[in-house]
Every structure is written in C-alpha cells, then in structure tokens.
Amino acid sequence: MSTVTESGVVDAVNKELLIGGKWTQAKEGKTFPVHDPSTGKVLCEVANASKEDGLAALDAAVAVQNEWAATAPRERGEILRRAYEKLMQRQEELALLMTLEMGKPLAEARGEIAYAAEFFRWFAEEAVRIEGGYAVAPNGSGRFLIAKQPVGPSLLITPWNFPMAMGTRKIGPAVAAGCTMVIKPAAQTPLSMLALAQILADSGLPDGVLNVVTTKSAGGVMEPLIRDGRARKLSFTGSTAVGRKLLEQCADKVLRTSMELGGNAPFLVFDDADVDAAVEGAMQAKMRNIGEACTAANRFYVQRGIAEEFSRKLTERMSALPIGRGTEDGVVVGPLIDEAAIQKVSELVADAAQRGAKVLTGGATVDGPGNFYQPTVLTDVPGAARMASEEIFGPVAPIAIFDTEDEVVDKANDTEFGLVSYVFTSEIKRAIRVSERLDTGMVGLNQGIVSNPAAPFGGVKQSGLGREGGTVGIDEFLETKYIAVSL
Ligand SMILES: O=CCCCC(=O)O
C-alpha cells in the first residue's frame with residue numbers, strides 16, 4: 001500500500017484467497033461484496049471461497065506443518081517482530097482501511113492497529129521462551145522429560161468488530177508456537193485480514209504457514225475443515241450461539257479449542273466511588289468500538305446514593321458525542337455494522353421502554369444513510385428486560401439501582417455469561433472482595449478497559465474456553481509431551 005486515499009487503500013489490497021503462498025481466485029471465480037456501513041455502498045468484491053477452496057487451504061497448511069514446526073523459535077519470533085514494525089509503519093493506511101469496512105472512527109482504528117501490532121511484538125518475545133521440564137520420578141529410578149510441541153494445523157475464525165486485533169491475537173501465538181493455519185475472517189470485514197496476510201508474507205512468513213479463506217458461507221467452508229481430522233485446533237472469537245455449534249463440530253475429531261464468546265458485562269458503581277472516574281470508565285467500557293465489543297458494559301448497577309448524579313453525568317457525556325462517518329474529523333460514534341445490528345438494538349430498547357425503563361437520551365436510529373444509532377442512556381431498567389440478559393452490541397447504557405453489596409453481586413452473576421465485569425469503589429477491601437465474588441474471567445477495577453496483549457483475556461461459564469494473550473496465550477497452541485526415561 002502506498003497511498004492513504006480511500007479508494008487507494010481499498011485498491012491496494014489483494015482480494016483473492018491466499019493458499020500455499022499464492023494469491024488465487026476462488027474456484028469458479030465467485031466473489032462477494034464488502035460494504036461501507038456508513039453509506040451502505042459497496043467498497044469492492046472479494047473472493048468467495050467454496051468448500052473445495054477451504055480444503056485446498058488446509059492441504060497447504062498440512063503440507064508445511066512439520067517443516068514450520070522445525071523452524072528455529074528465534075526465526076519465528078523475528079518474523080513476528082518484523083510484522084509488528086510494518087503494521088506500525090502502515091498504521092494510518094490500515095486504520096483507514098478498517099474504518100471503511102467496519103465503520104469505527106479513525107482514532108479507534110489507529111488504536112486497534114497499535115493493539116493488533118502489540119500482539120505480534122508480545123508473541124515475538126514469547127516464541128523464544130517455550131519451556132519444558134526435567135524431573136526425577138518419585139521412585140528415583142526414572143526421569144521425566146517434559147516437552148512443548150506445536151499443536152499442529154490450526155483453524156482460526158475471527159469476528160468483524162476487531163478485524164485486525166482478533167487476527168493477530170490468534171496468528172501471533174500460532175506463529176510463535178510453530179503451528180500452520182487456515183484463517184477465515186468475517187464476511188463483513190475481510191480486507192484488514194487480507195492486508196495483514198500480505199504484511200506477514202512481506203515479513204518472511206513461509207508459504208503455506210498462513211492461508212486465508214474469505215467466504216460468505218462460513219459454515220459451508222469451515223465445517224468440512226473441522227470435521228476433516230487433519231486440523232488439530234480451532235480458535236474462534238464470536239457469539240456464544242456460534243461457538244456452541246463449533247464445539248459440537250469439534251467434538252467429532254476431538255479438536256483442541258479456544259473460544260472467546262459473548263459477554264453480558266455488569267458495571268458496578270458503589271456509593272464510595274469517585275463518580276467522575278466511574279463516568280469516565282463507563283464511557284470507555286460502553287462506547288469503545290461503538291458498543292460493539294464482547295467486553296462492552298451491558299448492565300450498569302449504581303448504588304442508590306449516587307445513582308442520580310451518575311445517571312445525569314453519563315447522560316451529559318453520551319448526548320454530547322459526535323455521530324458520523326468514521327473518516328470525519330472529531331467523530332466518536334460511527335455506524336453499527338449492518339441493518340441486523342440496528343434492528344436488534346432498536347428491539348432491545350423498545351422492549352426495555354415497554355417494560356417501564358425511562359429514556360434519558362437517545363433511543364432512536366439516526367435519519368439518513370448508514371447504520372447509525374444514537375448514544376442512549378436508560379434508567380429504571382427492570383431485570384426482566386431483554387437487554388439485562390442479551391448482549392446489546394450497540395451504544396446503549398441501561399442503568400438499574402441497587403442497595404446492598406450482596407444484592408448487586410447476585411444480580412451481576414445472574415447470567416450464563418462470564419467474560420468481564422467492572423467495579424468502581426474506593427474501598428480496598430470491598431474492591432478485592434467483590435472482584436473475587438464476580439463470576440467473570442476478567443475484572444476492570446476502577447477502570448473501563450481490561451484488554452491488553454500482555455494479560456490473559458478470556459471468560460468463564462458460556463463466555464468461553466481458554467485465554468488469549470499474556471504468558472498463557474501461547475499454551476493454547478502447544479501440546480505437552482511427557483517422555484518417560486529409564487536409566
Ligand atoms: O468482542 C470481543 C473482542 C475482544 C476485544 C478486546 O480484545 O478487547
């Protein structure tokens with residue numbers, strides 16, 4: 001990519017499949033359109049892979065697995081390090097590409113490129129720290145050697161909401177561990193992944209290690225690969241409903257799985273919290289990525305003594321947010337990804353209002369082209385409202401009041417999800433006590449963002465299996481082998 005004009009960044013991306021190191025058209029030359037969610041217009045067409053294309057990609061990944069596994073860890077790490085540098089050098093054009101296909105404002109897209117790149121820098125450093133073990137058997141006569149080996153060819157499925165970072169969060173550890181891959185990006189946002197694949201190739205990733213299949217038929221292409229038996233691992237980020245189906249498919253050949261699934265994050269604000277800091281945290285936890293994040297605060301529980309002040313201040317902040325096309329200066333709220341997203345958010349707000357919630361600001365779509373929804377704050381949201389149990393995935397903040405710690409912990413945990421929760425309090429004992437009692441894989445304590453490549457990201461209950469990032473992230477792509485040594 002050499003130019004940062006809108007058509008320039010789109011034209012610069014290869015729109016074909018990447019199989020065995022070659023950019024190739026889909027069989028029968030089929031394509032599908034990618035839309036700009038701000039305008040609804042078609043940005044370009046990309047290759048629409050079939051089952052046969054997917055199997056060709058798996059063939060390519062399988063063919064080079066042994067050779068790739070034998071590559072020196074330092075070499076694997078240096079490829080990632082070079083890719084990190086290239087991502088940062090091209091931050092501006094990649095951000096524009098992402099904004100065009102996904103809608104998030106440019107400032108957030110730049111942030112995502114940096115976040116995505118950081119996974120490569122992190123796993124470049126982890127590649128050379130894969131450790132084994134040596135132990136004397138309890139009976140004293142034998143020895144145990146413990147080795148870590150790549151799990152093998154891996155299938156990666158990434159979502160549309162973080163089109164680059166969810167790719168690097170999976171590709172980084174897979175490369176570091178020595179696994180080959182077939183990756184399928186979301187149909188709404190294939191361009192960022194295609195650009196990323198070229199960057200990895202330019203950074204020296206050998207042919208066949210990363211294969212990219214773009215397709216409108218996710219199940220039609222990926223299910224045969226899951227059931228094929230040669231892939232040994234599936235890493236998925238997306239909804240719990242799809243994750244469940246994929247787990248069933250993986251059961252057949254007993255694939256290793258990493259599942260980053262849905263959330264229903266509770267955001268707890270106690271009377272003793274710094275209210276301004278809590279409002280700031282709420283803005284981050286709610287409005288990052290236009291609310292389209294599994295980590296998004298989905299339910300705000302505010303203690304009675306500060307509920308009025310918190311609601312008023314949050315409403316002031318939300319109603320002042322500039323809405324528009326993500327490429328425009330100063331815009332903070334871009335469009336939702338598609339019409340289905342707008343419809344879901346509208347339905348959830350209508351349901352809450354009909355059950356007695358009050359709309360303090362927003363509560364409607366924005367007239368004109370594109371999938372825009374107003375930043376919305378609701379109070380007195382009853383527990384029976386659908387949005388108390390369903391992921392909103394949009395710019396809507398539902399507030400309910402609570403009185404006691406026990407009551408709010410029970411409410412927060414009353415969900416099948418368990419990804420992340422947020423707690424705002426200035427009382428240290430309460431902070432620790434409540435964090436420990438919350439059934440989530442992550443807790444934001446007096447902060448509204450938890451995501452960090454150096455930290456283990458993941459959920460409990462139906463929010464997923466495994467962890468991505470941090471020192472444990474690479475383990476998802478490694479098998480432990482025990483070698484019994486007789487002396
Ligand atoms: O929607 C969930 C993707 C995870 C985003 C993050 O890393 O914060």
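Use the structure listed above.
Criteria and thresholds
- Residues numbered from 1 in each chain as written.
- Predicted model: local features only at pLDDT ≥ 70, side-chain atom pairs only at ≥ 80, totals over all residues.
- Heavy atoms only, no water.
- 1 Å grid on protein atoms, 1.4 Å probe; cavity = no way out; pocket = protein on both sides within 12 Å on 5 of 7 lines; lining within 4 Å.
- Points joined across faces, edges and corners; volume = space filled by probe spheres on them.
- Helix = DSSP H or I, 4+ residues; strand = E, 2+ residues; numbered from the N terminus.
- Nonpolar A, V, L, I, M, F, W, Y, C, P; charged D, E, K, R; others polar.
- Domains from an automatic or database assignment.
- Salt bridge = Lys/Arg side-chain N within 4 Å of Asp/Glu carboxyl O.
- Buried < 20%, exposed > 50% of the residue type's maximum accessible area, 1.4 Å probe, protein only.
- Near = heavy atom within 4 Å.
- Polar contact = N/O pair within 3.5 Å; in protein donor to acceptor, adjacent residues only side chain to side chain.
- Areas by Shrake-Rupley, 256 points an atom, 1.4 Å probe, with all protein chains shown as cover.
- Sits in = over half its atoms within 2 Å of the grid points.
- Axes fitted to C-alpha atoms, helices over the stretch in contact; angles between N-to-C directions.
- Parallel < 35°, antiparallel > 145°, perpendicular 65-115°, else oblique.
- Contact = heavy atoms within 4.5 Å.
- Pairing = 2+ DSSP bridges.

Q: Can you walk me through the layout of surface pockets in this structure?
A: If a probe as big as a water molecule is rolled over the atoms, it shows which places are left empty. Its volume calculated, the largest pocket comes out at about 1100 Å³. Lining the largest pocket are 50 residues, with W160, F236, G238, S239 and V242 sitting closest to its centre. Elements with a contribution of two residues or more to the lining of the largest pocket: α7 (165-177), α9 (218-228), β10 (233-237), α10 (240-253) and α13 (339-354). Top element by residues in the lining of the largest pocket is α10. It accounts for six residues. Residues belonging to the lining of the largest pocket are distributed by class as follows: 24 nonpolar, 14 polar and 12 charged. Domain assignment of the residues forming the lining of the largest pocket places at least three in each of domain 1 (6-262 + 464-486) and domain 2 (265-416 + 420-452).

Q: Please clarify how the pattern of salt bridges should be interpreted in this entry.
A: Side chains carrying opposite charge are able to pair once their charged atoms draw close together. Applying the stated criterion across every chain, the model contains 33 salt bridges. Here R110 ties to E92 by a salt bridge, and the two come within 2.9 Å at their closest N and O atoms. Of the two residues, R110 is situated in helix α6 (residues 106-126) and E92 in helix α5 (residues 91-102); the sequence distance between them amounts to 18 residues. The partly exposed category is assigned to R110, whose relative accessible area is 29%. For E405, the salt bridge identified is with R437, shortest N-O distance 3.8 Å. On the criterion of sequence distance, the pair formed by E405 in helix α14 (residues 405-413) and R437 in helix α15 (residues 428-437) is long-range, its members being 32 residues apart. Given the relative accessible area of 32%, R437 is considered partly exposed. Each of the salt bridges in this network shares a partner with another, and the network as a whole consists of D272, E405, D406, R430, R433 and R437.

Q: It is not clear to me how the site of the ligand should be interpreted in this structure. Could you clarify?
A: Taken together, Y115, N161, F162, M166, R169, R288, A293, C294, S451 and F457 form the complete shell of residues around the ligand. One of the side-chain nitrogen or oxygen atoms of Y115 is found 2.6 Å away from an oxygen atom of the ligand. Alone, the ligand offers 270 Å² of accessible surface; in the complex the protein occludes 98% of this. Because more than half of its atoms lie within 2 Å of the grid, the ligand is assigned to the largest pocket. The class makeup of the residues in the shell around the ligand is six nonpolar, two polar and two charged.

Q: Explain the packing of α6 against α7 to me, please; I cannot follow it from the model alone.
A: The axes of two packed helices give the description: the angle between them and the distance between them. One way to put it is that α6 packs onto α7 with a least axis distance of 8 Å and a crossing angle of 10 degrees. Considering their axes alone, α6 and α7 lie roughly parallel with respect to each other. Each of E112, Y115, A116, F119, F120 and F123 in α6 lies in contact with α7, whose residues at this interface are A165, M166, T168, R169, I171, G172, P173 and A176. Residue classes in the contact of α6 with α7 are distributed as 10 nonpolar, two polar and two charged.

Q: Explain the side chain of T240 here, please?
A: With respect to the helices and strands, the residue T240 is situated in helix α10. Note on T240: relative accessible area 7%, which makes it buried. At 2.9 Å, the side chain of T240 forms a polar contact with the backbone oxygen of Q462.

Q: Before we go on, may I ask you to explain the sheet that holds strand β17 (residues 420-424) in this structure?
A: Whether parallel or antiparallel, the strands of a sheet pair through hydrogen bonds between backbone atoms. The mixed open sheet is built from seven strands, whose spatial order is β14-β15-β16-β13-β12-β17-β18. The two strands at the open ends of the sheet, each matched to only one other strand, are β14 (358-361) and β18 (442-445). On average, each strand axis in the sheet is inclined to that of its neighbour by 25 degrees, with strand direction left out of account. Where strand β12 (residues 265-269) lies against strand β13 (residues 297-303), five bridges are found, and the strand directions are parallel. The residue bridging A265 from the neighbouring strand is A297, located in β13.

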